[in-house]
Amino acid sequence: MQDKPLFAMDIAPPAGPLTGQIALPGSKSITNRALLVAALSRGVSHLTGALASDDTRHMANALRAMGVDVVAEGTTLTVTSTGKLLVPDAPLFLGNAGTAMRFLTAACAFVDGTVVLNGDEHMQKRPIAPLVDALRAMGVDISAPTGCPPVTIHGGVTPPAGGGAALVEIDGSLSSQYVSALLMAAPIAPWPVRVRVTGDALGSRGYVDITLATMRAFGAEVADEGNLTWLIAPTGYRATDYAIEPDASAATYIWAAEMLTHGKIDIGIAADAMNQPDARSFDMIAKFPHFPLEIDGAQMQDAIPTLAVMAMFNGGTVRFTGLANLRVKETDRVRALSNEINRILPGLAVEEGDDLIVYGDPTLIGQELPAEIFTYADHRIAMSFALAGLKLRGIRILDPACVNKTYPAYWRDMASLGVPMTPID
């Protein structure tokens, strides 16, 4: 597929089952965690299997602006650092990279000076107040007047009263990225830090587990005290070589394409060999077209767009629950899914609170239902609704280049499997 910006991409059902082999991109979540932790390590780290995308580019550029040497050679990133981030010469622009914004907000609390973090118009609507409030409670001089970026951090933390460990509490119900941000910054504090999650729930706990695994690989000492509380020693990090596994969220589109077309696609890794939360969606995808009446998305949030589009062709109605966090992603994904499913066929989806109900209808398969899918600059909306084009005629994806955020080769990979696609300039 051509690389120049496109207005749209027309998708047509393939003539037969999709078969072939795909080399998935590296995990965005792990790449940006490893990039930050390597930047906070003294020495040279080699990150293999890393993702090259808009999100990881924003993280790497921000680290370079703070004195870290990041060199990309294919899928390997070589990170050389003193273990300390420096004050950048200008505000850091992070596009719509949520992990970069949240992770750097906490890490910059230990920079000797003022750092401003900003992003694009979409990022400026994504909440960050819980993380800002948690850092302020630790004595950090930090502000985000709108509750969303831009964020201004005047580096420096206040020693804990009476010595001992500093306690930082965070409500993790809105985003686990707040928790991960505090955890990853904690080893570079000059004293022990205890991170405690408050609130009713921790969405996407699996991503916190990935954070902890990454930290420990780089030498952090983390004690799990139970009840979503961790004590982190002030050890700093040690440079290391770290392998990044393929992206499980990206894999959901390939698994779905395989099921929807009765194909066979080799992605080079089994779902149960992946540690990312979205890998658990493989078992659900494999049930198509017999999804259960209810699917809880709380612990596999990025897989929900894939499953919701598949549910259009399911043998019965599906209610998706645990979706509150999806409303504060790159866009309100619950609303976006509802809007675009109903653009294909009015009445096929409905929102009830934060739940999404999709009225599966197998008789849709093979019909011509022309629809221009608005993607809201959200890569997951673009990639998931392309799957509808495998079963329906007339699907057009607007702004297809938004997939560059996490899976730049998506359209090329789908074409290589045999999906008929027509780029529209």
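Residues numbered from 1 in each chain as written. Predicted model: local features only at pLDDT ≥ 70, side-chain atom pairs only at ≥ 80, totals over all residues. Heavy atoms only, no water.

## Some words on the sheet that holds strand E22 (residues 393-398)
Pairing is mixed across the open sheet formed by four strands, whose spatial order is E21-E22-E1-E23. The sheet is open, and its two edges are formed by strand E21 (368-373) and strand E23 (421-424), each paired on a single side. With strand direction ignored, the average angle separating the axes of adjacent strands in the sheet is 15°. Two strands pair when backbone bridges link them, and E21 and E22 are joined in this way by four bridges, in the parallel orientation. Across the sheet, the residue bridging to Glu372 is Arg396, located in E22. Contacts from helix H10 (residues 333-344) reach E21 and E22, with the element oriented near 145° to E21. (Pairing = 2+ DSSP bridges. Helix = DSSP H or I, 4+ residues; strand = E, 2+ residues; numbered from the N terminus. Axes fitted to C-alpha atoms, helices over the stretch in contact; angles between N-to-C directions. Contact = heavy atoms within 4.5 Å.)

## Some remarks on the nonpolar core
Leu47 and Leu63 are the most contacted members of the largest nonpolar core, which has 77 residues in total. Those residues within four positions of Leu63 in sequence are excluded, and the remaining contacts are Leu35, Leu36, Ala39, Val68, Val70, Leu85 and Leu104. Judged by nonpolar contacts, the second largest core, of 73 residues, contains Ala250, Cys402, Tyr410 and Leu417. (Core = buried A, V, L, I, M, F, W, Y, C linked by side-chain atoms within 4.5 Å. Buried < 20%, exposed > 50% of the residue type's maximum accessible area, 1.4 Å probe, protein only.)

## Quick look at the pairing of strand E19 (residues 349-352)
Two strands pair when backbone bridges link them, and E19 and strand E20 (residues 355-359) are joined in this way by four bridges, in the antiparallel orientation. When the sheet's bridge partners are listed, Glu352 is paired in E20 with Asp355.

## Some details on the pattern of salt bridges
In this structure the tally under the stated criterion is 23 salt bridges. Between Lys84 and Asp112 there is a salt bridge, with the nearest N and O atoms lying 3.1 Å from each other. Taken as a pair, Lys84 in the loop between strand E5 (76-82) and strand E6 (92-93) and Asp112 in the loop between helix H3 (98-107) and strand E7 (114-118) lie far apart in primary sequence, 28 residues in all. Classification of Lys84 as partly exposed rests on a relative accessible area of 37%. The exposed category is assigned to Asp112, whose relative accessible area is 61%. Between Glu351 and Arg327 there is a salt bridge, with its nearest N and O atoms 2.8 Å apart. Of this pair, Glu351 sits in strand E19 while Arg327 sits in the loop between strand E18 (317-321) and H10; the two residues are 24 residues apart in sequence, bridging distant segments of the chain. On the accessibility criterion, Glu351 (21% relative accessible area) is partly exposed. Because the salt bridges share partners, they merge into one network encompassing Lys28, Asp55, Asp302, Glu330, Arg333, Asp378, Arg380 and Lys405. (Salt bridge = Lys/Arg side-chain N within 4 Å of Asp/Glu carboxyl O.)

## As for the pairing of E7
Only one face of E7 is covered, namely the one carrying Val115 and Leu117; the face carrying Thr114, Val116 and Asn118 has none of its residues buried. Here E6 runs beside E7; their pairing, made up of two bridges, is parallel. In the sheet register, Leu92 faces E7, and the bridge partner there is Leu117. In this fold, E6 hands off to H3, which returns the chain to E7; that crossover is right-handed. (Right-handed = clockwise from strand over helix to strand, strands pointing away.)

## Quick word on unusual backbone geometry
The linkage connecting Pro149 with the following residue, Pro150, adopts the cis geometry, with an omega of 10°. Structurally, the position occupied by Pro150 is in the loop between strand E8 (141-143) and strand E9 (151-154). For His262, which is not glycine, the phi torsion reads 60° and is therefore positive. Relative to the elements of secondary structure, His262 occurs in the loop between helix H7 (248-261) and strand E16 (264-266). Phi at Asp399 is positive, roughly 50°, even though this residue is not glycine.

## Concerning helix H5 (residues 176-185)
With ten of its ten residues buried, H5 lies for the most part within the structure. Every buried residue of H5 is listed here: Ser176, Gln177, Tyr178, Val179, Ser180, Ala181, Leu182, Leu183, Met184 and Ala185. Where H5 starts, the residue carrying a side-chain oxygen 3.1 Å from the main-chain nitrogen of Gln177 turns out to be Ser175. (Polar contact = N/O pair within 3.5 Å; in protein donor to acceptor, adjacent residues only side chain to side chain.)

## Some points on the environment of Leu182
With respect to the helices and strands, Leu182 occurs in helix H5. Since its relative accessible area comes to 4%, Leu182 is described here as buried. When the C-alpha positions of Leu182 and Thr375 are compared, they lie 32 Å apart, and in sequence the two are 193 residues distant. Apart from residues no more than four positions distant in its own chain, Leu182 is found in contact with Ala106, Leu131, Ala134, Leu135, Val168, Ile170 and Val195.

## Some points on the side chain of Thr306
Positionally, Thr306 belongs in helix H9 (residues 304-311). Leave out the neighbours within four places in its chain, and Thr306 touches Thr252, Tyr253, Ala256, Ile285, Ser384 and Leu387.

## Some thoughts on helix H4 (residues 129-137)
When H4 is considered as a whole, its buried residues turn out to be Leu131, Val132, Ala134 and Leu135. Seen along its axis, H4 keeps its buried residues to an arc of 165°; they face one direction. Considering only its buried residues, H4 is in contact with H3, E8, E9, strand E10 (166-171) and H5. Just downstream of H4, Gly139 is the residue with a positive phi angle, here 100°. (Arc of directions from axis to C-beta.)

## Topic: the sheet that holds E19
For sheets, the rule is that strands pair by backbone hydrogen bonds, running either parallel or antiparallel. If you walk across this open sheet you meet the four strands as E17-E18-E20-E19, and the pairing is mixed. The open sheet terminates on both sides in strands that have one partner only, identified here as strand E17 (294-296) and E19. Adjacent strand axes in the sheet meet at a mean angle of 20°, parallel and antiparallel pairs treated alike. Those strands touched by H9 are E17, E18 and E20, and its axis lies near 165° from that of E18. With respect to the sheet, H10 is in contact with E19 and E20, its orientation differing from that of E19 by roughly 155°.

Honestly, that's just the spatial picture; any functional story needs more than this.
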